[in-house]
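Below, each chain spelled out in residue letters.
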Amino acid sequence: MRKPLVVALCALALAGAGATPAVAAAPSPTGADTTTGTAPATSLTDVVNDTVGAVADTLSGLTAPKSAAVNFAGTVSLSNCSGSVVRMPDSAASDPALVLTNGHCLESGFPAPGQVLTDRASSRTFGLLNASGAKVATLRADRLVYATMTDTDAAIYRLNTTYARIKSAYGIDPLTLSGSRPAAGTAISVVSGYWKRIYSCSVDGFAYRLKEGDWTWKDSVRYTSACDTIGGTSGSPVVDDATGKVVAVNNTGNEDGARCTVNNPCEVDRNGGVTVRQGINYAQQTYPFTACFTTGNRLDLSAGGCTVPKP
């Protein structure tokens with residue numbers, strides 16, 4: 001799982017010193033929704049997260065490859081991952097906005113194999129980025145709509161504001177989920193709000209099953225080697241460069257060449273054959289979710305064509 005590699009220490013944050021590598025801390029929902037133009041309250045956690053973001057901006061500015069067509073507008077930074085404000089193909093401007101990230105990025109920890117969470121209270125916050133990667137607002141969720149690490153690795157939050165209000169206040173549109181399965185060879189960009197970095201590559205192919213530790217995912221997107229994603233890119237939208245639509249959500253990669261262990265997923269084919277691809281990274285397709293949301297961005301797992309795992 002592509003969790004963050006760096007979290008700033010509180011003392012360093014308060015002193016304004018550079019961040020020191022540390023183990024990723026459990027996230028805490030902080031901050032306030034600013035879609036009305038009111039400045040958010042500042043907590044110690046906000047200071048730490050902002051310091052991490054500043055360090056990430058500096059580092060990524062030195063090394064990040066940039067896509068000419070894809071930018072950061074609509075992406076978000078979480079306390080421990082990346083994500084994006086997304087709409088379904090038929091979402092209306094007046095609908096409550098949704099945020100997409102990974103199931104393993106939940107503030108409550110990893111869902112167990114077979115576990116599907118729906119309609120849970122949440123006050124999680126997200127840093128909304130503009131096209132250049134600057135944070136322009138703190139958005140707040142009011143519900144965790146859906147989350148799982150079974151068959152896919154995705155979490156969808158509902159914000160306490162609408163797409164129209166976000167557009168009016170910040171001039172930022174949501175990213176649209178594609179209703180179609182991506183094809184091998186498609187040029188893609190993985191856009192990390194946590195690191196403010198864009199990785200550009202292509203869809204190399206698909207893993208029939210991708211197994212990592214106790215979790216198994218279906219029909220996972222395999223990147224070509226140019227998308228060498230790192231910790232903190234979990235939850236990044238994978239954008240089709242030609243259409244600008246989201247086709248997957250970035251979630252993992254094989255770091256050490258180990259077989260089917262945490263941080264070292266393996267591919268399993270239809271006959272049970274196992275392939276390990278060290279240094280190769282993966283994402284989970286998002287088109288199945290477009291059949292599961294109805295009018296008003298309401299989740300309906302009984303809708304025709306909705307094939308995502310159910311509780």
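Residues numbered from 1 in each chain as written. Predicted model: local features only at pLDDT ≥ 70, side-chain atom pairs only at ≥ 80, totals over all residues. Heavy atoms only, no water.

A. Local environment of the side chain of R140. Take R140: it is sitting in strand β6 (residues 135-148). The class for R140 is buried, based on a relative accessible area of 18%. Within polar-contact distance, the side chain of R140 engages the backbone oxygen of S123 at 2.8 Å. (Helix = DSSP H or I, 4+ residues; strand = E, 2+ residues; numbered from the N terminus. Buried < 20%, exposed > 50% of the residue type's maximum accessible area, 1.4 Å probe, protein only. Polar contact = N/O pair within 3.5 Å; in protein donor to acceptor, adjacent residues only side chain to side chain.)

B. Molecular detail of the layout of surface pockets. Considered as a void within the structure, the second largest pocket measures approximately 280 Å³ in volume. D151, T152, K218, D219, Q284, Q285, Y287, P288, F289, T307, V308 and P309 are the residues that line the second largest pocket. Of all the elements in the fold, those that place two or more residues in the lining of the second largest pocket are β11 (215-223) and β16 (281-285). (1 Å grid on protein atoms, 1.4 Å probe; cavity = no way out; pocket = protein on both sides within 12 Å on 5 of 7 lines; lining within 4 Å. Points joined across faces, edges and corners; volume = space filled by probe spheres on them.)

C. View of the pairing of strand β3 (residues 96-101). Among the six residues in β3, five count as buried, and that is most of the element. Two strands pair when backbone bridges link them, and strand β2 (residues 82-87) and β3 are joined in this way by three bridges, in the antiparallel orientation. Residue pairing in the sheet places S84 in a bridge with L100 of β3. Bridge count between β3 and strand β7 (residues 154-162): five bridges; the pairing is antiparallel. Its bridge partner lying in β7, T101 is registered against A155. (Pairing = 2+ DSSP bridges.)

D. Structural context of the pattern of salt bridges. Taken as a whole and judged by the stated rule, the model has nine salt bridges. Between R277 and E267 there is a salt bridge, with its nearest N and O atoms 2.8 Å apart. Here R277, found in the loop between β15 (274-275) and β16, pairs with E267, found in strand β14 (residues 266-268); they are ten residues apart in sequence, far enough to count as distant. With a relative accessible area of 30%, R277 lands in the partly exposed category. With relative accessibility at 6%, the residue E267 sits in the buried group. Several salt bridges share partner residues, and in doing so they unite D204, R222, E267 and R277 into one network. (Salt bridge = Lys/Arg side-chain N within 4 Å of Asp/Glu carboxyl O.)

E. Up close: the environment of D214. Within the secondary structure, D214 is located in the loop between β10 (197-212) and β11. When the C-alpha positions of D214 and P113 are compared, they lie 6.6 Å apart, and in sequence the two are 101 residues distant.

F. View of the confidence of the model for the protein chain. In the predicted model, the protein chain carries a mean pLDDT of 85, and the fraction of residues at 70 or more is 79%. Confidence, read as mean pLDDT per element, is least for helix α1 (residues 10-15) in the protein chain (32) and greatest for β3 (99). Across residues 5-67, confidence stays below pLDDT 50; counting only partners more than four residues off in sequence or on other chains, it has 101 contacts. (pLDDT = per-residue confidence, 0-100. Contact = heavy atoms within 4.5 Å.)

G. Geometry of the environment of L210. Residue position: L210 is located in strand β10. Sequence separation between L210 and T152 is 58 residues; the distance between their C-alpha atoms is 9.6 Å. Every residue in contact with L210, bar those within four places of it in the chain, is listed here: W215, T216, W217, S220, T252, P265, C266, E267, Y282 and Q284.

H. Broad picture of the packing of aromatic side chains. This structure, assessed with the given rule, holds four aromatic pairs. Residues F110 and W215 carry aromatic rings whose centres are separated by 5.6 Å and whose planes lie at 75° to one another, so their mutual orientation is edge-to-face. With a gap of 105 residues between them, F110 in the loop between β3 and β4 (116-121) and W215 in strand β11 connect regions that are remote in the sequence. For F110, a relative accessible area of 38% translates into the label partly exposed. (Phe/Tyr/Trp six-rings, centres within 6.5 Å; stacked < 30°, edge-to-face > 60°.)

I. The arrangement of the state of the cysteines in detail. Counted by the stated rule, this structure contains four disulfides. Here C201 pairs with C227 through a disulfide, and the sulfurs are 2.1 Å apart. Around the S-S axis, the bridge from C201 to C227 shows a dihedral of about -100° and counts as left-handed. Here the residue C201 occupies a position in strand β10, and C227 occupies one in the loop between β11 and β12 (237-240), the gap between them amounting to 26 residues. Of the residues examined, C227 reaches a relative accessible area of 1% and is grouped as buried. Put simply, C260 and C266 are joined by a disulfide, and their sulfur atoms are 1.9 Å apart. Disulfide C260 to C266: torsion about the S-S bond roughly 100°, handedness right-handed. Residue C266 is classed as buried on the basis of its relative accessible area, which comes to 0%. Cysteine pairing for the protein chain, with bonded cysteines counted in sequence order: 1-2, 3-4, 5-6, 7-8. (Disulfide = S-S within 2.5 Å.)

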